[in-house]
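Summary of structural features
The primary structure of each chain is shown beneath.
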Amino acid sequence: MITAGCDVGSLTSKAVIIRDGRIIGSAILRSSSRPEASAQTVMGQALEQAKISQDAIEYCVGTGYGRDKIAFVNESRSEIACHARGAVWLAPATKTIIDIGGQDCKAIRLDKDGRVEKFLTNDKCAAGTGRFLEVMAKLLGVTVDDLGKMSKKSREPVTLASTCTVWAQADVIQYVNSGIPLEDVGAGVNNAMAGRVATLANAVHAQREVAMTGGVAKNPGVVKALEKLIGHKVTIIRKADPQLAGAIGAAVLASDTMAGRA
Amino acid sequence: MIVAGVDVGSLTAKAVILQNDKILASAVLRATPSPSQSAQAVMDMALAQAGLSQDDVAFTVGTGYGRKQIDFVNHVESEISCHARGAVWNLPSVRSIIDIGGQDAKAARIDENGNVERYGYNDKCASGTGRFLEVMAEALEVPLEDMGDLDLKATRDVSISNQCVVFAETEVISLVNKAYEVPDIVKGLHKAMAGRVAALAKSIGMESDVAFTGGVAKNKGLARALEKALGIELKFLETDPQTNGALGAALMAAQMVAEKKSA
């Protein structure tokens, strides 16, 4: 059985193709201004990798903010449902999911059967989303990846006084100008990011196991700080790119649907 | 009797010199990173304008976020109290003020003497502050002071869905790329910002008359959007809304001198 999931986000589009419980093709690309075009392109890339044609896909689930504009899906599902399903498929013991995307952050708590019990999202404020880190990395003149590694090298992380991304930029500039080592400022940025995410995670009463998905899961500085703040170890998804979790969930939900019909 | 008020804000420093309830001079200057330097520079400007020296000034009140770092003031007061005092001096019927500065927004209800009864402010989030407009003007590549006039040239409604400055900036750039007209985008931005400020004002409860003070009050487009969002008519000061805080500080200085004399 071959199914697919397509997650069209505001920043990136993702596609995953699953055959009998294994990922055989996946792709991530920057979203264009037209969701339908982004979906088509990213799915095309995943199909190419899987070496199959669109016709081979028996069922496809779409998700993400552009989900209602994808021409080729059989069904669209909420991002929360897909992320929850994707995380459990990737790490079965998961009870809490923290997903940090480029422009949003979600905290989802599951019941013992893996059903969504409570969730919160922030997509109103850039603080606590991937964008915060992007802005700060640019300001520090480093890549987002390098920013993630700064916490380990830092001895005395700074404290950012402001939550707001705009005001925090002024804090960062002030620290840099006063000659504080870049890694201490970078570590402060990662801590501030973690603090914001922890507020969301604590509000859904995060419980073990906590899995983190989304691009920011690749930032060890944020992950370590977050673990301290929520008092739980965070499982980093290694079975697949954590950025794909939503699309994986969509593909798995597609498989679930097919299995239910059989 | 000559008194002065100095308001050192995050973006600009303002000074007003008063003689017997009449404005002798007022000055506005872009603030430098050092509040004490900004204060001295803007005060010197106002003094030069009035043809006075520092010694001629009997009493000076400082206000604004940098108020505690001004060397030459005799007393400091909160910004909201100063804005309230300045507004009531301008328009005695004012019972509420909305003040938007470079880095914050405030709303207050005041009594007939200009004393603050209730107030709220936002300085945590850049949305709904002057910075929102600054960032957007830069993204649109138009001078900040042209935003108000651009708004009045809008011909169709554009809705800005984001309130966050960071997200709204991206939205604006994508609207520009989609060839939306700049005046239409500006009007949409003003509407979005007005919504944010109106929420703050409503949480305090505005009582008529409502005065709009602070540098952003010069933006007629935003003022109109704010009137719509609040469903009330705003009153504008006869004196420069940007120097209203400094004016209020000077009025307080005058009162303090008068009280000392009668004591």
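Bear in mind that the values here come from a model prediction, so they are computed numbers and not experimental data.

The next thing to look at is the nonpolar core. Counting residues in each nonpolar core, the largest one holds 172 residues, and the members touching the most others are A:Cys6, A:Ala251, B:Val6 and B:Ala250. In terms of residues, this core owes the most to one element, helix H6 (residues 182–203) of chain A, which gives 10 residues. The two domains that each donate at least three residues to this core are domain 1 (1–78 + 85–91 + 244–262) and domain 2 (92–236) of chain A. Excluding anything up to four places from it in sequence, B:Ala250 contacts B:Val3, B:Ala4, B:Gly5, B:Val16, B:Ile17, B:Leu18 and B:Val61.

Residue and element names in this part refer to chain A. Here chain A is partitioned into domain 1 (1–78 + 85–91 + 244–262) and domain 2 (92–236). A straight line from the C-alpha centre of domain 1 to that of domain 2 covers 27 Å. Taken together, the contacts link nine residues of domain 1 with 14 residues of domain 2. Partitioned by chemical class, the residues of the side of domain 1 that touches domain 2 number five nonpolar, four polar and no charged.

Let us now look at the pairing of strand S6 (residues 96–100) of chain B. Each regular strand displays side chains that alternate between the two surfaces of the sheet. All names here are of chain B. S6 sits mainly inside the fold: five of its five residues count as buried. Burial along S6 is two-sided: the face carrying Ser96, Ile98 and Ile100 and the face carrying Ile97 and Asp99 are both buried. Here S6 runs beside strand S7 (residues 105–110); their pairing, made up of five bridges, is antiparallel. Each bridged residue has a counterpart across the sheet, and for Ser96 the counterpart in S7 is Arg109. Counted along the chain from S6 to the antiparallel partner S7, the turn is four residues long. By the bridge criterion, four bridges tie S6 to strand S9 (residues 210–213) in an arrangement that is parallel. Bridge pairing in S9 places Asp99 opposite Thr213.

Okay, the interface of chain A and chain B next. At the junction of the two partners, chain A supplies 12 residues and chain B supplies 10 residues. Among the secondary structure elements, those contributing two or more residues to the side of chain A that touches chain B are helix H3 (130–140) and helix H5 (165–177) of chain A. It is H5(A) that provides the largest number of residues to the side of chain A that touches chain B, a total of three residues. A breakdown of the residues in the side of chain A that touches chain B according to their chemical character gives six nonpolar, four polar and two charged.

Conventions used here
- Residues numbered from 1 in each chain as written.
- Chains lettered and ligands numbered in written order.
- Predicted model: local features only at pLDDT ≥ 70, side-chain atom pairs only at ≥ 80, totals over all residues.
- Core = buried A, V, L, I, M, F, W, Y, C linked by C-beta atoms within 7 Å.
- Buried ≥ 20, exposed ≤ 12 C-beta atoms within 10 Å, placed from the backbone.
- Helix = DSSP H or I, 4+ residues; strand = E, 2+ residues; numbered from the N terminus.
- Domains from an automatic or database assignment.
- Contact = placed C-beta atoms within 7 Å.
- Nonpolar A, V, L, I, M, F, W, Y, C, P; charged D, E, K, R; others polar.
- Pairing = 2+ DSSP bridges.

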